[in-house]
Amino acid sequence: MKNIKILGSGCANCQTTYKLIQEVAAEKGVDVELEKIEDIGQIMSYGVMSTPGVVIDDKVVHAGGIPDRKSIQEWLA
């Protein structure tokens with residue numbers, strides 16, 4: 001199971017990113033644990049300055065803007 005954290009304030013882009021990852025994981029049949037991190041201190045601890053950020057298994061894989069489906073599929077491969 002992959003642990004995925006969505007870093008952001010809860011804005012529309014952050015919510016869209018969360019839903020997109022959820023959808024792609026379901027399509028691929030990948031078991032994921034999704035978590036939203038909205039605390040600015042925690043977000044900064046990952047070095048993310050632009051949200052939404054995506055952290056998979058404690059590694060930042062994306063920051064700033066909504067990731068595309070292809071990227072998400074690669075992260076979940």
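Residues numbered from 1 in each chain as written. Predicted model: local features only at pLDDT ≥ 70, side-chain atom pairs only at ≥ 80, totals over all residues. Heavy atoms only, no water.

1. Side note on the pattern of salt bridges
Applied cut-off: Salt bridge, as used here, is a side-chain nitrogen of Lys or Arg placed within 4 Å of a carboxyl oxygen of Asp or Glu. The helix count covers DSSP runs of H or I at least four residues long, the strand count covers runs of E at least two residues long, and both are numbered beginning at the N terminus. Only protein chains enter the accessibility calculation, which uses a 1.4 Å probe; a residue whose area is less than 20% of its type maximum is buried, one above 50% is exposed, and one in between is partly exposed.
If you walk through the whole model with that rule in mind, you get four salt bridges. Measuring nitrogen to oxygen at the nearest pair gives 3.6 Å for the salt bridge that ties Asp58 to Lys5. Taken together, the positions of Asp58 in the loop between strand 3 (53-56) and strand 4 (59-63) and Lys5 in strand 1 (residues 2-7) put the pair 53 residues apart, joining distant regions of the chain. A relative accessible area of 59% means that Asp58 is categorised as exposed. Measuring nitrogen to oxygen at the nearest pair gives 3.6 Å for the salt bridge that ties Lys70 to Glu74. Of this pair, Lys70 and Glu74 both sit in helix 3 (residues 69-76), separated by four residues, roughly a single helical turn. One exposure class covers both Lys70 and Glu74, and it is exposed.

2. Things to note about the side chain of Thr17
Keep this limit in mind: In this analysis, two residues are considered to be in contact whenever any of their non-hydrogen atoms come within 4.5 Å of each other.
Position of Thr17 relative to the elements: it lies in helix 1 (residues 12-28). For Thr17, a relative accessible area of 0% gives the class buried. Not counting residues up to four positions away in its chain, the partners in contact with Thr17 are Ile6, Pro52, Val54, Gly65, Ile66 and Pro67.

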